[in-house]
Amino acid sequence: MLGLVSVNMAAQQQVKKDTIKNIDEVVVTALGIKRQDKSLGYVAEKVDAEVFENIQNNNWAQGLEGRVAGLKIQTAGAGPLSSSRITLRGEKSFNLDGNYALIVVDGVPLSNSTTGTGTAAYGAGTGGDLPIDLGNGLNSINPDDIESVTVLKGASAAALYGSRAANGALMVTTKSGRSKNGKLKVSFNSSLSFDSVLKWPDYQYQYGQGTLAKNTAGEFFYSYGASADGVSTGGTSSAFGPKFNGQSYFQYDPNLLGQSAERQLWRPYEDNIKGFWETGVTSSNNISVESSTDRTSFRTSLSYLDNKWMMPNTGFDRFNMAFSLDHKVTDKFKISTKFNYANTKSDNLPATGYNNQSISYFMIFQNPNVDLAWYKPIWKPGQEQVDQIHPFSSFIDNPYLIAYQMLNGVEKKMITGNISGTYDFNKNFSLMLRSGIEMLDEERTTKRPYSSANYLKGFYREQYIKNNEFNNDLLFTFKKDFNKFNVTAMQEQVFGITDM
């Protein structure tokens, strides 16, 4: 339980309207209270809906990048859900998890926590698993439903939320019905975006796989398995072999699944890394209906987002539903409610880090003389789902096995919302009671097939995560104008319950 009494006094001064711009801009502060920017004793920056409508992204928070001073957004770039780490005015603690800004949606604090898989990001050859970027609470918010985001910087700006807001807060306000003249307004918004790999390393295709071994003539050579040319050099992940110069060697034959019967041309395959990746496509469609009268306003919206990521067989889809209602029961009593529902599903998200099961791990050790197409069948003929094709090292998994058989699924359901009642005793005194809720229900599945380097007999796991948080706040407000000054005093009580 937290309580806070605040008193605000602001001088009123008459100025010409065309000499000062935005002096009466309204921002949303703690508990969703609307205040004039000029009356605040701390920094609050506001970002309007147009930003999020025009910058459709898998994670809307990235639209804040470069728009708010002191705000830093870090993403791991580890998959389509792309969890964001948001800090304000730099790092303040050696505990990295203690530097996050608090996310508040319509006055309800969002846990925005990330529950890991319990595995380390580094573990090549340890026989373990890898973490998956399954997103956080920010991913569940539909950017088309955002009316504005106010950034409160520093502990004083968000003191009402206690220590959890010591690093500032992002106040997200979702849209309400505001059509004119009581007319029904229907809006439709559709977007399409494409993703591609931003930058590639400078790969060399002058020298092929090998170990600097020389034949009896003192020349560098290559041989997949022992041959008339010399000992096997085809088991290394290093490209210290002969230069590509039109010569022929005994190489891997994908039809024989072994050494070629005849010497084959020693040549590079220059698309054997880039050719694995695809152009990612994200489509989003949103429809909303809203209306308002002098006593009632409402808005409801439905949204569906479908993402096909750059790595084959990865991506997610998300369904959002939002509802908002404001009704003036009497001249003195008003009720309001807002609810948002999000359902995020994915059959497969990529693993992250440095491990046999990471696609990046394969790319590091892919040699210039190896054709990517040799891996596409995934399984050896007659040994489907039992023995994979990875002809150069049993330590390195087949990339298509990683993409199509090592599956990391998730279904995440999230509800945030509030209901409030406000009673105006007279023009100076008012009382508001509000209850807010955040509910998270998440199911994860992890599948590893037979023959994978870390799980020779396969592996399957299910993980269930539930988190419920309830917040109730009571706000008593006094407002009065005294000629050139106005006074606003508020007494607040906040009660919170978290059920993990």
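What comes next is a walk through the structure. Every chain's residues receive numbers from 1 upward, in the order its sequence appears when written. Residue-level local features of this predicted model are given only where pLDDT is at least 70; pairs of side-chain atoms are given and counted only at 80 or more, and the full residue set underlies all totals for whole chains, interfaces and linings. Side-chain calculation: all heavy atoms of the structure are included, whereas hydrogens and water are not.

Digging into the environment of T236
Okay, so step 1: Residue placement: T236 occurs in the loop between β12 (210–211) and β13 (239–240).
Okay, so step 2: Expressed as a C-alpha distance, the spacing of T236 and Q209, which sit 27 residues apart in the sequence, is 7.1 Å.
Okay, so step 3: Should any heavy atoms of two residues lie within 4.5 Å, those residues are considered in contact. When near neighbours in sequence (up to four residues on either side) are disregarded, T236 contacts Q209, G210, T211 and N367.
Okay, so step 4: Counted as a polar contact is a pair of N or O atoms within 3.5 Å, where, for protein atoms, one must be capable of donating a hydrogen and the other of accepting one, and residues adjacent in sequence contribute only when both atoms are in side chains. Here S238 takes part through its backbone nitrogen, which lies 3.0 Å from a polar atom of the side chain of T236. Here a strand is any run of E in DSSP of at least two residues, a helix any run of H or I of at least four, and the numbering for each starts at the N terminus.

Comments concerning the sheet that holds strand β10 (residues 169–174)
Okay, so step 1: The 5 strands lie next to each other as β4-β9-β10-β7-β8, forming an open sheet whose pairing is mixed. For this open sheet the edge positions go to β4 (44–48) and β8 (108–110), each flanked by a neighbour on one side alone. Taking each pair of neighbouring strands and ignoring which way they run, the sheet shows an average axis angle of 25 degrees.
Okay, so step 2: Strand direction decides the pairing type here: strand β7 (residues 102–105) and β10, joined by 4 bridges, are parallel. Bridge pairing in β10 links V105 to V172. The rule for pairing is simple: two strands pair if DSSP sees at least two bridges between them. Axes, fitted as lines to C-alpha atoms, cover a helix only where it is in contact. Angles between the N-to-C directions of the axes lie from 0 to 180 degrees.

With respect to the pattern of salt bridges
Okay, so step 1: Basic side-chain nitrogens of Lys or Arg form a salt bridge, by our definition, when they fall within 4 Å of a carboxyl oxygen of Asp or Glu. For the coordinates displayed, the defined rule picks out 13 salt bridges.
Okay, so step 2: D106 is the partner of K338 in a salt bridge, and the nearest nitrogen-oxygen pair spans 3.5 Å. One end of the pair, K338, is in strand β21 (residues 333–348); the other, D106, is in the loop between β7 and β8, and 232 residues separate them in sequence.
Okay, so step 3: Of the charged contacts, one joins D129 and R461 as a salt bridge, the two residues approaching to 3.4 Å between their closest N and O atoms. Of this pair, D129 sits in the loop between β8 and β9 (146–152) while R461 sits in strand β24 (residues 457–482), placing them 332 residues apart in sequence.
Okay, so step 4: Judged by its relative accessible area of 7%, D129 falls in the buried class.
Okay, so step 5: Residue exposure (1.4 Å probe, protein chains only): buried if accessible area is under 20% of the type maximum, exposed if over 50%, otherwise partly exposed. On the basis of relative accessible area, R461 is assigned to the partly exposed category, the value being 22%.

A closer look at the pairing of strand β19 (residues 296–308)
Okay, so step 1: Looking at chain direction, strand β18 (residues 280–292) and β19 are connected through 12 bridges and run antiparallel. Directly across from N286, in β19, lies its bridge partner S303.
Okay, so step 2: In sequence, β18 turns back onto β19 through a hairpin of 3 residues.
Okay, so step 3: Pairing between β19 and strand β20 (residues 315–328): 13 bridges, direction antiparallel.

Details of a nonpolar patch on the surface
Okay, so step 1: A surface patch of nonpolar side chains, about 760 Å² in accessible area, is lined by L184, V186, F188, I287, L302, Y304, F319 and M321.
Okay, so step 2: Counting residues per element, the ones that place at least two in the nonpolar patch are β11 (185–195), β19 and β20.
Okay, so step 3: Here Y304 lies in strand β19. Patch definition: residues above 30% relative accessible area lacking any salt bridge, with like charges linked at up to 9 Å and the nonpolar side chains Val, Leu, Ile, Met, Phe, Trp and Tyr linked at up to 5 Å. Areas reported as accessible are Shrake-Rupley estimates using a 1.4 Å probe. Residue values count occlusion only from the protein chains shown.

Some thoughts on the environment of Q405
Okay, so step 1: Note on placement: Q405 falls in the loop between α3 (399–404) and β22 (407–424).
Okay, so step 2: In this structure, the C-alpha to C-alpha distance between Q405 and P449, residues 44 residues apart in sequence, is 6.2 Å.

What about the nonpolar core?
Okay, so step 1: Grouped together as the largest cluster of nonpolar side chains are 34 residues, with contacts concentrated most on F276, W277, M311, I359, M363 and F392.
Okay, so step 2: Within the residue set of this core, elements represented by two or more residues are α2 (359–364) and α3.
Okay, so step 3: Beyond its immediate chain neighbours, meaning those up to four positions away, M311 contacts F276, W277, P350, I359, I402 and A403.
Okay, so step 4: Working definition of a nonpolar core: buried Ala, Val, Leu, Ile, Met, Phe, Trp, Tyr and Cys residues. They are joined through side-chain atoms within 4.5 Å. Membership of the second largest hydrophobic core comes to 24 residues, among which are V51, F52, W60 and V105.

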